[in-house]
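Read off the chains here:
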Amino acid sequence: MAAAADGVVPTLALRSSVAVELWSSAGPKLPFEHKSNLPREETKSSRSICFSPDGRYFAYSNGLDVKVLEACKDGAGTWPVQCSLPRPKAFYLKFSPRGNYLCTWEHYAITKDRPEGSPNLLVYDVNTGTEVFAIVQKNQADWEPSWSSDESIFALVVGGEALFYDLPEGAAKGFETTSRKIGGSRGALLSLGPGHCPPFLAFYNPGAKGAPSMCKLYKYPALAQNQTVACKSFFQADRVEMLWNKRGTGLLLLTSTEVDKSGASYYGNQAVHFMATKGDTCSVPLSKEGPVHCVKWSPKATEFVVVYGFMPSKAALYNLKCDVIFDFGEGPRNCAYFNPFGNIIVLAGFGNLPGAVEVWDVPKREKLASLKLADTTVFEWHPNGEWFVTATTAPRLRISNGFKVYHYSGALLHETMWPKGQELLGIEWQQYADQTFPEPKITKAKHEGIKSSQPEASKKAYTPPHLRLLKEGKNPEKYLPSIPGLAPASAGGANNKKNNKNKPKGPRRDVNSVNGGDPASATATAPAAETVTVTGEEQQISQTQQQHTPRTRPQAPRYQQQNAADQQRHHQEPHQQQQQQQQKPHPQANGQNSSEKERKIRTVAKKLSDIKKLKSRQGQGESLELNQLNKIKMEASYLDELKALKLSD
């Protein structure tokens, strides 16, 4: 396993609400921890931490100054202070490609002593700690300057104009004057490509007054308008993100608009364009509508991945001809991360997504593992290409802060949860020069790991509370909250009335057919039939008897005799039955009266509650409307009405 190569010990830089510190692990099965030889400074004002690209230096701010530490040569050595820079308000830190210069940026401010404002973008020589360049850079989003890979060219955009500085090796005088310029408009962007020296560079100029936006490629130092290598124009681009491949031969442009005028998308419109240093340009085809969530180059520089479309989003792998060479399918994801060797890619759904993670073998085009990493705000591959760290940090999430280290097979190697009352603000792997670690061999074998100390989310289906109580043999109605001013429901109340509706009804008898079709007999029978109440048990018994009794045609003489007897009985007894039914209280009528009374009580109680809220608002000095004041005047009458309802039988 390529955990450490030639004595190289993997190191993690941690920035928290109480300190800045470095942690390390002595082996793949040993935990990460802070060791006595590693630096740790207690501070609550650290804004940024940063490793140099080759891992030689580590810089951090502490609210007083910016310290640059030199990395130890072996795992047991110390980290001495290389230099200390007087920048107490430093907000961002960024090393040059070879680590010889450190750029600091802080918020632009105007003081009484300097009403024009002080320079907020500064460049320091790391070897001597001296300031070599300072300028005002108000743009926070695109503050970072551009460097060539050998640090011989320094460039940045100020006020829409691209400025270039030639830096002979070992000389800092090149920062004094600009060597070349490219004119542009406000909002222009500049990016120097890696790899080649002198490099290719891309200059983006936003469109105005209906004109299209344009991005041009140049080969430094040929920067004339007629010396462009490639040119790409496009509409609907409020902002552009420029992404170079590792060799500096291909450039991806992610264009976006803040507002979609058609109203089809909340995220605006996005598009991906490709530009090659050979002069080729094209638009990257996307087969699904929706926003472009992520675009990443493979470290091999011959392919790139795009995650796009409405959820569930699609992910596809493209070659340099912008042809789809592999489709990862659809899923809940919005991020993509290649390992440093480009043979493994992680597709994940973080942010407002549940944290589903897929690990893919890129050369073999097969999935290696699937895992769930909820509440992840930071994801970064280790330079060995086998491990990656995930963290939950503030201010995105202020609870359950901590970090975990995983193997690409999904095995958990380390877990640290931050103490309560403290916040983890940032985490970063120490970087290493190329060829430090060998390319790992990808296998499907499950790596041995540890068990997480955090409780796992239940995979059972949700059961409502009333169903859980029924399974436990309890009555859910006993656990209902009581409403002020409302009496608890009685056994013959509204609930029983609703239940009676669901009970099966008995067979309906046709009065006219029973009485032989005599209308007078039907009229005489109606009062008695209306007052008869049949219980649920009698209905079920009658239904059962009818189901088991064979249906035969009755004989006519017997049927007529029974009809005559029924007519005589109904003519003699209707008045007696009516008197008996009037003396007995009707249970269903009582239930209806009770429910009507309770409904009136709830209505009056609601009005009194509203009046109480209005009086509270009036007491706080808020002016009320005329209808609200009239409602307050009705409080006494509502109280009398509520009292009368409660005292009535």
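The rules behind each value
Residues numbered from 1 in each chain as written. Predicted model: local features only at pLDDT ≥ 70, side-chain atom pairs only at ≥ 80, totals over all residues. Heavy atoms only, no water. Salt bridge = Lys/Arg side-chain N within 4 Å of Asp/Glu carboxyl O. Helix = DSSP H or I, 4+ residues; strand = E, 2+ residues; numbered from the N terminus. Buried < 20%, exposed > 50% of the residue type's maximum accessible area, 1.4 Å probe, protein only. Pairing = 2+ DSSP bridges. pLDDT = per-residue confidence, 0-100. Contact = heavy atoms within 4.5 Å. Core = buried A, V, L, I, M, F, W, Y, C linked by side-chain atoms within 4.5 Å. Expected span 1.5 Å × (residues − 1). Arc of directions from axis to C-beta. Phe/Tyr/Trp six-rings, centres within 6.5 Å; stacked < 30°, edge-to-face > 60°. Axes fitted to C-alpha atoms, helices over the stretch in contact; angles between N-to-C directions. Disulfide = S-S within 2.5 Å.

A word on the pattern of salt bridges
Then, in step 1: For the structure shown, the criterion picks out 20 salt bridges.
Then, in step 2: Ionic pairing is found between Glu366 and Lys444, a salt bridge with its closest N-O pair at 3.4 Å. Highlighted residues: Glu366 in strand 31 (residues 366–372) and Lys444 in the loop between strand 36 (424–429) and helix 1 (465–471), separated in sequence by 78 residues.
Then, in step 3: For Glu366, a relative accessible area of 24% gives the class partly exposed.

Some thoughts on the pairing of strand 27 (residues 324–331)
Regular strands have side chains that alternate between both faces of the sheet.
Then, in step 1: Across six bridges, strand 26 (residues 313–319) lies against strand 27 in antiparallel orientation. In the sheet register, Ala315 faces strand 27, and the bridge partner there is Gly329.
Then, in step 2: A loop of four residues connects strand 26 with strand 27, the two strands running antiparallel in sequence, and Cys322 in this loop sits at a positive phi of about 65°.

A word on the confidence of the model for the protein
When pLDDT drops low, the exact placement of atoms in the prediction is not to be read closely.
Then, in step 1: Averaged over every residue, the pLDDT of the protein is 79; residues scoring 70 or more account for 78%.
Then, in step 2: Across residues 490–500, confidence stays below pLDDT 50; counting only partners more than four residues off in sequence or on other chains, it has seven contacts.
Then, in step 3: Confidence over residues 577–589 falls short of pLDDT 50; this stretch has five contacts with residues more than four positions distant or in other chains.

Quick look at the nonpolar core
Then, in step 1: Residues Val346, Phe350, Val357, Val359 and Trp381 are the most contacted members of the largest nonpolar core, which totals 19 residues.
Then, in step 2: Put simply, the parts of the chain that give this core at least two residues each are strand 28 (335–338), strand 29 (344–348), strand 30 (356–361), strand 31 and strand 32 (378–381).
Then, in step 3: With sequence-adjacent residues up to four places away left out, Val357 is seen in contact with Val346, Leu347, Ala348, Phe350, Ala369, Ser370, Leu371 and Leu373.

Observations regarding helix 10 (residues 635–647)
Then, in step 1: The first and last C-alpha atoms of helix 10 sit 19 Å apart over 13 residues, in line with the 18 Å expected at 1.5 Å per residue.
Then, in step 2: Among the residues of helix 10, Tyr638, Leu642 and Leu645 are the ones counted as buried. Seen from one end, helix 10 has its buried residues packed into an arc of 65°, which puts them on one side. Of the exposed residues in helix 10, those oriented more than 90 degrees away from the buried face are Asp640, Lys643 and Leu647.

Structural notes on the environment of Trp147
Then, in step 1: Within the secondary structure, Trp147 sits in strand 12 (residues 146–147).
Then, in step 2: Residues Trp147 and Ser96, 51 residues apart in the sequence, show an inter-C-alpha distance of 6.8 Å.
Then, in step 3: Contact partners of Trp147, with chain neighbours within four places excluded, come to Ser96, Pro97, Tyr101, Cys103, Val123, Ile153, Phe154, Leu167, Phe175 and Leu192.

Remarks on the packing of aromatic side chains
Then, in step 1: For the coordinates displayed, the defined rule picks out 35 aromatic pairs.
Then, in step 2: Measuring from ring centre to ring centre gives 6.5 Å for Trp147 and Phe175, while their planes differ by 75°; the resulting arrangement is edge-to-face. Linking Trp147 in strand 12 with Phe175 in the loop between strand 14 (161–166) and strand 15 (180–182), this pair joins segments that are 28 residues apart in sequence. Neither Trp147 nor Phe175 differs from the other in exposure class; each is buried.
Then, in step 3: Taken together, a centroid distance of 5.3 Å and an interplanar angle of 70° make the contact between Trp381 and Phe388 edge-to-face.
Then, in step 4: A relative accessible area of 0% means that Phe388 is categorised as buried.
Then, in step 5: Ring pairs connect the aromatic residues Tyr101, Phe133, Trp147, Phe154, Tyr165 and Phe175, which therefore count as one cluster.

Concerning the side chain of His414
Then, in step 1: Locating His414 in the fold gives a position in strand 35 (residues 412–417).
Then, in step 2: Overall, the relative accessible area of 6% leaves His414 in the buried class.
Then, in step 3: With near-sequence residues (within four places) excluded, His414 lies in contact with Pro31, Phe32, Phe403, Lys404, Val405 and Ile450.

Comments concerning the sheet that holds strand 27
Consider a sheet: its strands pair through backbone hydrogen bonds, and that pairing is either parallel or antiparallel.
Then, in step 1: One open sheet holds the four strands; their spatial order is 24-25-26-27, and the pairing between them is antiparallel. Both edges of this open sheet fall to strand 24 (292–297) and strand 27, since each of them pairs with a single strand only. Across this sheet, the average inter-strand angle for adjacent strands is 15°, counted without regard to direction.
Then, in step 2: As defined by bridge partners, strand 25 (residues 303–308) adjoins strand 26 across six bridges and the pair is classed as antiparallel. If you follow Val306 over to strand 26, its bridge partner there is Ala316.

What about the state of the cysteines?
Then, in step 1: Under the counting rule described, the total for this entry stands at zero disulfides.
Then, in step 2: No disulfide involves Cys231; its sulfur sits 8.0 Å from that of Cys215, the nearest cysteine.

Observations regarding the sheet that holds strand 19 (residues 230–234)
Then, in step 1: Taking strand neighbours across the sheet as the criterion, the four strands line up as 16-17-18-19 in an open arrangement whose pairing is antiparallel. On the outer flanks of this sheet lie strand 16 (189–192) and strand 19, each paired with one strand and no other. Ignoring which end each strand starts from, the neighbouring axes of this sheet average 15° apart.
Then, in step 2: The pairing of strand 18 (residues 213–219) with strand 19 spans five bridges and is antiparallel. Along strand 19, the bridge assignment pairs Lys216 with Cys231.

Quick word on unusual backbone geometry
Then, in step 1: Following Met311, the chain continues to Pro312 via a peptide bond in cis, the omega torsion being -5°.
Then, in step 2: As for its placement among the helices and strands, Pro312 is situated in the loop between strand 25 and strand 26.
Then, in step 3: The step from Ala394 to Pro395 runs through a cis peptide bond, and the omega angle for that step is 5°.
Then, in step 4: Tracing the backbone through its elements, the reader meets Pro395 in the loop between strand 33 (387–392) and strand 34 (402–407).
Then, in step 5: In this structure, Cys322 is a non-glycine residue whose phi angle is positive, near 65°.
Then, in step 6: Locating Cys322 in the fold gives a position in the loop between strand 26 and strand 27.
Then, in step 7: Among the residues examined, Cys322 registers a relative accessible area of 3% and is labelled buried.

Focus on the environment of Gln422
Then, in step 1: For Gln422, the location among the structural elements is in the loop between strand 35 and strand 36.
Then, in step 2: Judged by relative accessible area, which is 29%, Gln422 ranks as partly exposed.
Then, in step 3: As a C-alpha pair, Gln422 and Val18 span 404 residues in sequence and 7.1 Å in three-dimensional space.
Then, in step 4: Setting aside residues no more than four positions away along its own chain, Gln422 makes contact with Ser17 and Val18.

Things to note about the pairing of strand 22 (residues 270–276)
Then, in step 1: Here strand 22 lies mainly inside the structure; five of its seven residues are buried.
Then, in step 2: Both strand 21 (residues 250–256) and strand 22 contribute to a ladder of seven bridges, which runs antiparallel. Along strand 22, the bridge assignment pairs Ser256 with Gln270.
Then, in step 3: Alignment of strand 22 against strand 23 (residues 281–283), held across three bridges, turns out to be antiparallel. If you follow Phe274 over to strand 23, its bridge partner there is Cys282.

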